[in-house]
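The chain contents come next:
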Amino acid sequence: MMETGKEKTAHGRQVERVLWIVLVLNLVVAASKYFYGLASGSASMQADGIHSVFDSLGNVIGLVGISLAARPADAGHPYGHSKFETYGSLAIGVLLLFAAFEVGSSAVEKLVAGTYTAQVTPVSFIVMVGTLVVNLFVTVYERRAGKRLKSEILAADAAHTLSDAFVSIGVIVGLGFVVAGFPMADPIMALLVTVAILASAVGVFRTGLRTLSDHARIPAADIARAAEKVDGVRSIHAVRTRGTEAEVYCDLHVLVDPQMTVLAAHDLGDKVEGVVAAAFPQIKEVLVHIEPDTAAERAEG
């Protein structure tokens, strides 16, 4: 029931293709916001640009992580390398923390010193609105690909990019306040950018830690209902699942007639594996424990 190395490579290539496209778009967005923010003296635009730079670094980490995760199982990693994708998503979370520190400290310095250098022009709004449109496109594209491919890295990066879009909206609002005569709004919006980055980091860590802590991926009752459809299965208990969203490992106990032969029980176990795998395509391996249907075994369940 293990997925083959060839299939894993195909999955990895699809995720990599998405990450390369997103990387190019993020670099264009980051350069536009940061360099124009630098030229105009806008702290919030520079902060937003830095956020987008870390988006790009996250894409690079994602490419490395998915490349490692796509490798087939071997003697040292009999369950495969899929959790390298999770490690990659956690590394993105760490980068987000560094980004939050960089953006927040710069904004605080400007507020403490009382130096508000932002020079807002029509081009400022054109740059921000243009990059916002790109961010929204990337978010939708990456989120759909993440759901289709069940990729933690794509899901985490899509959430990060969405936060970048909200940050851009905040920057646009801040620039509007600067035009209206409130220059302090620029670094204040940069602080709100910091909060948004930290929120993104929390979401990324939460998703990654669910995988590393072997959080159940599929409700046990759903798997039991599928397995109980096999003729000869009297009861199901001790259903467990773990792994990444795209690569789930499952084991369950199947109670059968105590008088069933070893050969018949083996055949029944194969049928249960096939039914469960067909019902839940994300499951890569099913381990069935055959047990006699006795009062003692039912008590354990």
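Just so you know, these numbers come straight off a predicted model, no measurement behind them.

### A short note on the side chain of glutamate 142
Now for step 1: Summarising the element assignment, glutamate 142 is placed in helix H4 (residues 122-149).
Now for step 2: Buried charge glutamate 142 goes without a salt bridge, the closest partner of opposite sign being arginine 143 at 9.0 Å.

### Considering a nonpolar patch on the surface
Now for step 1: Nonpolar side chains collect at one region of the surface, where Phe166, Ile169, Val173, Phe177 and Phe182 lie side by side and expose about 510 Å² of accessible area between them.
Now for step 2: Tracing the chain through its elements places phenylalanine 166 in helix H5 (residues 152-179).
Now for step 3: According to the relative accessible area criterion, phenylalanine 166 is exposed, its value standing at 56%.

### Looking at the UniProt feature "domain: Cation efflux protein cytoplasmic" (unreviewed entry) in the chain
Now for step 1: In the numbering used here, UniProt assigns the feature "domain: Cation efflux protein cytoplasmic" (unreviewed entry) to residues 221-292.
Now for step 2: Annotated as 35% helix and 39% strand, the span residues 221-292 places its first and last C-alpha atoms 21 Å apart.

### Concerning the pattern of salt bridges
Side chains that differ in charge, positive against negative, can pair when their charged atoms come close.
Now for step 1: The tally for this structure, following the rule as stated, stands at 4 salt bridges.
Now for step 2: Between arginine 225 and aspartate 222 there is a salt bridge, and its shortest N-O distance comes to 2.3 Å. Placement of both arginine 225 and aspartate 222 in helix H7 (residues 220-227) is noted, with a separation of 3 residues, approximately one turn of the helix.
Now for step 3: Among the residues examined, aspartate 222 registers a relative accessible area of 28% and is labelled partly exposed.
Now for step 4: For aspartate 251, the salt bridge goes to arginine 240, with nearest N and O atoms at 3.1 Å. Highlighted residues: aspartate 251 in strand E2 (residues 248-256) and arginine 240 in strand E1 (residues 235-243), separated in sequence by 11 residues.
Now for step 5: Given the relative accessible area of 14%, aspartate 251 is considered buried.

### Let's talk about the packing of H4 against H5
Now for step 1: The N-to-C vectors of H4 and H5 enclose an angle of 160°; their axes lie 8 Å apart at closest approach. The orientation of H4 with respect to H5, classified from their angle, is roughly antiparallel. Crossing angle aside, the handedness with which H4 passes H5 is left-handed.
Now for step 2: For the contact of H4 with H5, the residue count by class is 17 nonpolar, 7 polar and 4 charged.

### Notes on helix H6 (residues 185-212)
Now for step 1: The end-to-end C-alpha distance of H6, which contains 28 residues, comes to 41 Å, matching closely the 40 Å that a straight helix rising 1.5 Å per residue would cover.
Now for step 2: Remark: aspartate 214 follows H6 within two positions and exhibits a positive phi of approximately 55°.

### A few points about the packing of aromatic side chains
Now for step 1: Inspection of every chain in the model, using the stated rule, returns 3 aromatic pairs.
Now for step 2: Centroid distance phenylalanine 84 to tyrosine 87: 5.8 Å. Interplanar angle 85°. Geometry classified as edge-to-face. Here tyrosine 87 and phenylalanine 84 lie together in helix H3 (residues 83-113), a separation of 3 residues that amounts to about one turn.
Now for step 3: Judged by relative accessible area, which is 25%, phenylalanine 84 ranks as partly exposed.

### Remarks on the sheet that holds E1
Now for step 1: In spatial order, the strands read E1-E2-E3; together these 3 strands make up an open sheet with mixed pairing. The sheet is open, and its two borders are formed by E1 and strand E3 (283-292), each paired with just one other strand. Recorded for the sheet is a direction-independent mean angle of 15° between the axes of neighbouring strands.
Now for step 2: In this sheet, E3 lies alongside E2 in parallel orientation, the contact comprising 9 bridges. The partner of leucine 255 across the bridge, within E3, is glutamate 291.
Now for step 3: Sitting on the sheet, H7 touches E1, E2 and E3, and the angle it makes with E1 is about 130°.

Scoring rules and cut-offs
- Residue positions are given per chain, counted from 1 along the sequence in the order it is written.
- Residue-level local features of this predicted model are given only where pLDDT is at least 70; pairs of side-chain atoms are given and counted only at 80 or more, and the full residue set underlies all totals for whole chains, interfaces and linings.
- Neither water nor hydrogens contribute to the side-chain values; these are computed over all heavy atoms in the structure.
- Segments assigned H or I by DSSP are reported as helices when at least four residues long, segments assigned E as strands when at least two residues long, and all are numbered from the N terminus.
- Between buried and exposed lies partly exposed: a residue is buried under 20% and exposed over 50% of the maximum accessible area for its type, with that area taken using a 1.4 Å probe on protein chains only.
- His is not counted here, nor are the chain ends, while Lys and Arg score as positive and Asp and Glu score as negative.
- Take a side-chain nitrogen of Lys or Arg and a carboxyl oxygen of Asp or Glu: if they are within 4 Å of each other, that pair is a salt bridge.
- Each patch groups residues whose relative accessible area exceeds 30% and which form no salt bridge, using 9 Å between like charges and 5 Å between nonpolar side chains of Val, Leu, Ile, Met, Phe, Trp and Tyr.
- Methods summary: accessible areas were calculated by the Shrake-Rupley approach with a probe of 1.4 Å, and residue burial reflects only the protein chains presented.
- UniProt positions are given in the numbering used here, feature names are shortened, and annotations may be inferred rather than shown by experiment.
- Axis lines are fitted through C-alpha atoms, for helices just across the contact stretch, and the angle between N-to-C directions can take any value from 0 to 180 degrees.
- Geometric relationships in this document are graded by angle, where less than 35 degrees denotes roughly parallel, more than 145 denotes roughly antiparallel, 65 to 115 denotes roughly perpendicular, and other angles denote oblique.
- Put simply, a crossing is left-handed when the front helix is turned counterclockwise from the back one by less than a right angle, and right-handed when it is turned clockwise.
- Each residue is assigned to one class: nonpolar for Ala, Val, Leu, Ile, Met, Phe, Trp, Tyr, Cys and Pro, charged for Asp, Glu, Lys and Arg, and polar for all the others, Gly among them.
- Here a helix's expected span is defined as the number of its residues, less one, multiplied by 1.5 Å.
- Only Phe, Tyr and Trp rings take part, Trp by its six-membered ring, and two of them pair if their centres are within 6.5 Å. Stacked means planes under 30 degrees apart, edge-to-face means over 60, and tilted covers everything else.
- Pairing between two strands is assigned when DSSP locates at least 2 bridges connecting them.
- A contact between two residues is defined here by any heavy atoms of the two lying within 4.5 Å.

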